[in-house]
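Chain by chain, the residues:
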Amino acid sequence: MSAASCLLTEDQFLCSICLDVFTDPVSTPCGHNFCKTCITQHWNINVPYQCPNCKKVFYTKPELQVNTFISEMAAQFRQSAQQKASSSSSEQQAAKPGEVPCDVCTGTKVKALKSCLVCLASYCETHLEPHLTMAGLKRHQLIDPVENLEGRMCTKHDKLLELFCKTDQMCVCMLCTVLDHKTHDVVPLKEEYEGKKAELGKTEAETQQMIQKRRLKIQEIKRSVELSKEDADREIAGGVQVFSALKESVERSQAELIDTIKEKQRETEKQAEGFIKELEQEISELKKRSSEVEQLSRSEDHLHLLQSLPSLNAAPPTKDWTEVSVRPPSYEGTVRRAVNQLEETLSKQMKKLLEAELKRVQQYAVDVTLDPDTAHPNLLLSDDGKQVKHVDEKKNLSDNPERFATCVYVLAKQSFSSGRFYYEVQVKGKTGWDLGVARESITWRENARSPQKGFWMIWLRNQNEYKALALPSVRLSLKSQPEKVGVFVDYEEGLVSFYDVDAAALIYSFTGCCFTEKLYPYFSPCINKGGKNSAPLIISPVNHTE
């Protein structure tokens, strides 16, 4: 029997209804075999009675008896298959946590290779074989192993979810399309899957592109940090060098001051020593004469006294010391001159620093042109948008809500909402002008200008009166009249600085500003005053200093 059983194939012991090895096999009058329970349930549902295999119809329900021969053969085959599966399973490793186990394995659950959407079961390599070899099972849909296959069944109709309702954006079964989703746009699950998969592919590509952009942004930020550190190190080194030079200059000036004062003191002491030496010498001579006079006055020898008197008649020291004195040296102005010299050194160093600063900010030069839509009707702009001057004749322009109506102002076309920017304006030959930046939401018809009103600006009036329009305004004292003014803005730092370009001097800085809107360069040539202030403001190209 064992030898014979080896010649039998698995197909011969499988019920075509349950697709499993026979349990209580029975034979129909047409000669086909089924599990007794399977064929009984089939005939209870389907009338008239029909063979599931050959479709032969029986008008009366056949009386079925268990085929003991086939039953014994099936039992032996089942035992052999279980032993084989057990042996195969023992050779395979058990499913690890997170892996889908085989639903058929008894004992050790082996990792499943596929899940069947028809059988709603997962199979290991051994138990998957019937689905790969049997004609009936080959038609079943296999997918990569998944858990909870019951979740693929419609909870309402207990049918496989094999369709997708686009109207309600949900998976449905065949009965759902007839009942609850009758008029909806329903497509096969595979069709929607392929569409969504294509969308996911596109989304994945976009996501990868976004990831790449962010990686590049990380590199950009890291590079910015590196450049910032290099700038910081360079500034620190430059600062240390400047302050070391200043410290040396101060120490040198201090030493020179001390040496000057000490030298004057030494000269005073030397003069005093000369006077004292001369006085002591005269005192010595006078003492000697006093002694001789005293001795002679005591003599009682008439002849000796008279003979000795001529020698005493020699003139004694006659120098008048009344007007002689040692005056302490005057130190008036000594410290002041030393400080002035130090100040001159510091001024030279400041000029070098300002020249270096101007050179740095000029690196942020931008191209600025005037916006005619914002210009006051009495302002005449050049065709290239680089010059503006005031004219007496008022132009007939459209009432643009962004046009300055009460003051002779004009904005630039360009706006800035981040970073740094710099531009230069020629003001040569003018007796009045306004320059600066203005925020986007300024009140166009208001005359007041200050940071609180959205203006950061300086102006010239009456040829030599300079002011920074802070609150309150700051009167500016300039060593020379600028012919070209540079305007620099650092948006994030909240800084607006004005420079005399030719003198490489800082005119004024607004610091600690809080910018939250776009900033526009702002210009006013002021009224021409009968031709006295007719020269234009000219936006000049920036010549980078070397």
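So, here is what we can say about the structure in this document.

What counts as what
- Residues numbered from 1 in each chain as written.
- Predicted model: local features only at pLDDT ≥ 70, side-chain atom pairs only at ≥ 80, totals over all residues.
- Heavy atoms only, no water.
- Disulfide = S-S within 2.5 Å.
- Buried < 20%, exposed > 50% of the residue type's maximum accessible area, 1.4 Å probe, protein only.
- Axes fitted to C-alpha atoms, helices over the stretch in contact; angles between N-to-C directions.
- Helix = DSSP H or I, 4+ residues; strand = E, 2+ residues; numbered from the N terminus.
- Parallel < 35°, antiparallel > 145°, perpendicular 65-115°, else oblique.
- Left-handed = near helix turned anticlockwise from the far one by under 90°.
- Contact = heavy atoms within 4.5 Å.
- Nonpolar A, V, L, I, M, F, W, Y, C, P; charged D, E, K, R; others polar.
- Pairing = 2+ DSSP bridges.
- Expected span 1.5 Å × (residues − 1).

Quick look at the state of the cysteines now. All told, the structure shown has zero disulfides when counted by the stated rule. With no disulfide partner, Cys165 has as its closest neighbouring cysteine sulfur the one in Cys176, 9.2 Å distant. Relative accessible area serves as the criterion here: at 0%, Cys165 is assigned to the buried category. Unpaired in terms of disulfides, Cys407 finds its nearest cysteine sulfur in Cys526, a separation of 9.7 Å.

At a closest axis distance of 9 Å, the pairing of helix α7 (residues 189-298) and helix α9 (residues 334-361) adopts a crossing angle of 165°. In terms of their interaxial angle, α7 and α9 are classed as roughly antiparallel. Seen along the crossing, α7 lies across α9 with a hand that is right-handed. Contacts between α7 and α9 pair Glu235, Val242, Leu246, Ser249, Val250, Ser253, Glu256, Leu257, Thr260, Ile261 and Lys264 from the former with Thr334, Val335, Ala338, Gln341, Leu342, Thr345, Leu346, Gln349, Leu353 and Arg360 from the latter. For the contact of α7 with α9, a count of residues per class yields ten nonpolar, seven polar and four charged.

Time to look at the pairing of strand β14 (residues 420-426). Counted residue by residue, β14 has five buried out of seven residues, so it is predominantly covered. Summarising the sheet, β14 and strand β19 (residues 484-490) pair through seven bridges and their orientation is antiparallel. Bridge pairing in β19 places Gln426 opposite Lys484. The sheet contact formed by β14 and strand β23 (residues 537-540) spans three bridges and is antiparallel. If you follow Gln426 over to β23, its bridge partner there is Ile538.

So, on to α7. Residues three or four positions apart in an α-helix share a direction because the helix packs 3.6 residues into each turn. Taking 1.5 Å as the rise per residue, α7 with 110 residues should run 164 Å; its terminal C-alpha atoms sit 157 Å apart, in good agreement. Taken residue by residue, α7 has Glu192, Val242, Leu246, Ser249, Ser253, Leu257, Thr268, Ala272, Glu282 and Leu296 as its buried positions. Along its buried surface, α7 packs onto β8 (163-165), β10 (186-188), α8 (302-312) and α9.

Turning our attention to the packing of α7 against α8. Viewed as axis vectors pointing N to C, α7 and α8 meet at an angle of 165°, and their least axial separation amounts to 11 Å. It follows from the interaxial angle that α7 and α8 lie roughly antiparallel. The chirality of how α7 crosses α8 is left-handed. Here Arg289, Glu292, Val293 and Leu296 of α7 come into contact with α8, specifically with His304, Leu305, Ser308, Leu309 and Leu312. Looking at the contact of α7 with α8 residue by residue, the class counts come to five nonpolar, two polar and two charged.

Ordered in space as β11-β12-β23-β14-β19-β20-β21, the seven strands form an open sheet in which the pairing is antiparallel. This sheet does not close on itself; its edge strands, each paired only once, are β11 (379-381) and β21 (505-510). Along the sheet, successive strands turn relative to each other by an average axial angle of 20°, direction set aside. Examined bridge by bridge, strand β20 (residues 495-500) and β21 share five bridges and lie antiparallel to one another. Bridging across to β21, Phe498 finds its partner in Tyr508. Contacts from α9 reach β14, β19, β20 and β21, with the element oriented near 120° to β20.

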